[in-house]
Amino acid sequence: MSETTVTIESSATETSSCCGSCGTGAAEAPATASAVRAVFQVKGMTCGHCVTSVTAELKKVDGVTEVAVDLATGQVTVDSTKPLVDGDVAAAIDEAGYDLVGRLDG
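Cut-offs used in this document
- Residues numbered from 1 in each chain as written.
- Predicted model: local features only at pLDDT ≥ 70, side-chain atom pairs only at ≥ 80, totals over all residues.
- Heavy atoms only, no water.
- Helix = DSSP H or I, 4+ residues; strand = E, 2+ residues; numbered from the N terminus.
- Buried < 20%, exposed > 50% of the residue type's maximum accessible area, 1.4 Å probe, protein only.
- Contact = heavy atoms within 4.5 Å.
- pLDDT = per-residue confidence, 0-100.
- Salt bridge = Lys/Arg side-chain N within 4 Å of Asp/Glu carboxyl O.
- Core = buried A, V, L, I, M, F, W, Y, C linked by side-chain atoms within 4.5 Å.
- Pairing = 2+ DSSP bridges.

## Overview of the environment of S53
For step 1, the next point in the chain: Along the chain, S53 turns up in helix α1 (residues 48-58).
For step 2, the next point in the chain: You can call S53 buried: its relative accessible area is 17%.
For step 3, the next point in the chain: As a C-alpha pair, S53 and A96 span 43 residues in sequence and 5.4 Å in three-dimensional space.
For step 4, the next point in the chain: If we ignore the near neighbours within four places in the chain, the residues touching S53 are A96 and Y98.

## Concerning α1
For step 1, the next point in the chain: The set of residues buried in α1 consists of C50, S53, V54, T55, E57 and L58.
For step 2, the next point in the chain: Structurally, α1 contributes buried residues whose contacts are with β2 (64-70), β3 (75-80) and α2 (86-96).

## Notes on the confidence of the model for the protein chain
For step 1, the next point in the chain: Taken residue by residue, the protein chain gives an average pLDDT of 79. The fraction at 70 or more is 67%.
For step 2, the next point in the chain: In this model residues 4-32 is a low-confidence stretch, pLDDT under 50, and it forms four contacts with partners more than four residues away in sequence or in other chains.

## Observations concerning the pattern of salt bridges
Side-chain pairs of opposite charge can arise whenever the charged atoms involved come near each other.
For step 1, the next point in the chain: Tallied over the full model, the rule gives four salt bridges.
For step 2, the next point in the chain: One salt bridge connects K60 with E57, and the closest N-O pair in it is separated by 3.2 Å.
For step 3, the next point in the chain: Residue K60 is classed as exposed on the basis of its relative accessible area of 61%.
For step 4, the next point in the chain: Among the salt bridges present, the one from D86 reaches R103, with a minimum N-O distance of 2.6 Å. Here R103 lies in strand β4 (residues 99-103) and D86 lies in helix α2, a separation of 17 residues in the sequence.

## Details of the environment of P83
For step 1, the next point in the chain: Along the chain, the position of P83 falls in the loop between β3 and α2.
For step 2, the next point in the chain: You can call P83 exposed: its relative accessible area is 65%.
For step 3, the next point in the chain: Considering only alpha carbons, one finds P83 and G63, 20 residues apart in sequence, at a separation of 8.4 Å.

## Re the nonpolar core
For step 1, the next point in the chain: Membership of the largest hydrophobic core comes to 18 residues, with the highest contact counts inside it found for M45, V54, L58, V76, V78, L84 and Y98.
For step 2, the next point in the chain: Only β1 (36-43), α1, β2, β3 and α2 provide two or more residues apiece to this core.
For step 3, the next point in the chain: Considering each element in turn, this core owes the most residues, four residues, to α2.
For step 4, the next point in the chain: With near-sequence residues (within four places) excluded, L58 lies in contact with V64, V67, V76, V78, V89, A92 and I93.

## Concerning the pairing of β3
For step 1, the next point in the chain: Alignment of β1 against β3, held across six bridges, turns out to be antiparallel. Each residue of the ladder has a partner; that of A38, found in β3, is V78.
For step 2, the next point in the chain: The pairing of β2 with β3 spans six bridges and is classified as antiparallel. The residue of β3 that forms the bridge with A68 is T77.
For step 3, the next point in the chain: As consecutive antiparallel partners, β2 and β3 are separated by four residues, and within that stretch G74 has a phi angle of approximately 80°, a positive value.

Written out as structure tokens, the structure is:
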């Protein structure tokens, strides 16, 4: 009987495909900046196009990371890396063709 040897070569940079739940995988990097959330009331939005327009314009504002629009209530939640200036938000919403009623979270 002959013996066969199988050699498996690894890539130059080894990475684990482990999910990390057992503590052996790579740890996730901590977030570099804390998120700031602001909620605004916007008037005039009536459809999906409105949501798309407001979202696109707000994402152009420096620091904005996420935008969520509740069409039924007219509330727009904006996550950012820093506190937003109401004037910048108003300008973005105006550019989209809608009116900023005001900030709801103080």
